[in-house]
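Chain by chain, the residues run as shown.
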Amino acid sequence: QVQLVESGGGLVQAGGSLRLSCAASVRTFSNLVMGWFRQAPGKEREFVATISRSGGNTYYADSVKGRFTISRDNAKNTAYLQMNSLEPEDMAVYYCAARVGFSVQVIGTTDFNYWGQGTQVTVSS
């Protein structure tokens, strides 16, 4: 079983930065593709970014490309999402997700096997 716990959310002004962390309780973290999704009030959960098992490949939603960076530390069983130049439109609950597989170009929620509880990101204008 895999447990994911997000942290690092909070309140930030537009233009500011936050770094989210996702700590995984799993024996072989390096076997998992990791991803971040977000869900704003009244909207469906949407893809943000994924990272390959080794960390060598990443994939981003167009809306965050160039502003967000996904990374991972397999020695610490942790994935990260560095968010810069935050906009009010980025405000949402951010979820960490994990899937057993290889491809990073997967953006559907049903493609992921495990989910965290979410962390709130609030961006004030």
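The model shown is predicted, which means the values in this text are computed figures rather than measured ones.

### Quick notes on the nonpolar core
Judged by nonpolar contacts, the single largest core of 35 residues is most densely connected at M34, W36, L81, M83 and Y94. Mapped onto this core, the elements with two or more residues apiece are β3 (18-25), β4 (32-39), β5 (46-51), β7 (68-73), β8 (78-83), β9 (92-100) and β11 (119-124). Among the elements that take part in this core, β9 stands out by supplying five residues, more than any other. Leaving out residues up to four positions away in the same chain, L81 has contacts with L18, R19, L20, W36, V48, A49, F68, T69, I70 and Y94.

### A short note on the pattern of salt bridges
A complete count under the given rule lists five salt bridges for this structure. One salt bridge connects D62 with K65, and the closest N-O pair in it is separated by 3.1 Å. When the shortest N-O distance is used, the salt bridge between R67 and D90 registers 2.7 Å. Highlighted residues: R67 in the loop between β6 (58-60) and β7 and D90 in the loop between β8 and β9, separated in sequence by 23 residues. One salt-bridge network, held together by shared partners, links R38, E46, R67, E87 and D90.

### Focus: the packing of aromatic side chains
Counting across every chain of the model gives five aromatic pairs. Ring plane angle 80° and centroid distance 5.1 Å describe the contact between F37 and F112, whose orientation is recorded as edge-to-face. In this pair, F37 is assigned in strand β4 and F112 in the loop between β9 and β10 (114-115), connecting sequence segments 75 residues apart. F112 matches F37 in its accessibility class, with the two residues each being buried. When the centroid spacing of 5.7 Å and the interplanar angle of 35° are considered together, the rings of F47 and Y59 count as tilted.

### Observations concerning unusual backbone geometry
Residues other than glycine seldom take positive phi values, yet N77 does so here, at roughly 55°. When you line up the elements, N77 lands in the loop between β7 and β8.

### Focus: the sheet that holds β8
The four strands are arranged β1-β3-β8-β7 in an open sheet whose pairing can be described as antiparallel. For this open sheet the edge positions go to β1 (3-7) and β7, each flanked by a neighbour on one side alone. Adjacent strand axes in the sheet meet at a mean angle of 15°, parallel and antiparallel pairs treated alike. Note: β1 against β3, five bridges, orientation antiparallel. Paired with V5 across the bridge in β3 is A23.

### Here we look at the environment of S125
Relative to the elements of secondary structure, S125 occurs in the segment after β11. A relative accessible area of 89% places S125 in the exposed class. In this structure, the C-alpha to C-alpha distance between S125 and K76, residues 49 residues apart in sequence, is 35 Å. What S125 contacts, discounting residues up to four positions off in sequence, is A14 and P88.

Definitions and limits used
- Residues numbered from 1 in each chain as written.
- Predicted model: local features only at pLDDT ≥ 70, side-chain atom pairs only at ≥ 80, totals over all residues.
- Heavy atoms only, no water.
- Core = buried A, V, L, I, M, F, W, Y, C linked by side-chain atoms within 4.5 Å.
- Buried < 20%, exposed > 50% of the residue type's maximum accessible area, 1.4 Å probe, protein only.
- Helix = DSSP H or I, 4+ residues; strand = E, 2+ residues; numbered from the N terminus.
- Contact = heavy atoms within 4.5 Å.
- Salt bridge = Lys/Arg side-chain N within 4 Å of Asp/Glu carboxyl O.
- Phe/Tyr/Trp six-rings, centres within 6.5 Å; stacked < 30°, edge-to-face > 60°.
- Pairing = 2+ DSSP bridges.
- Axes fitted to C-alpha atoms, helices over the stretch in contact; angles between N-to-C directions.

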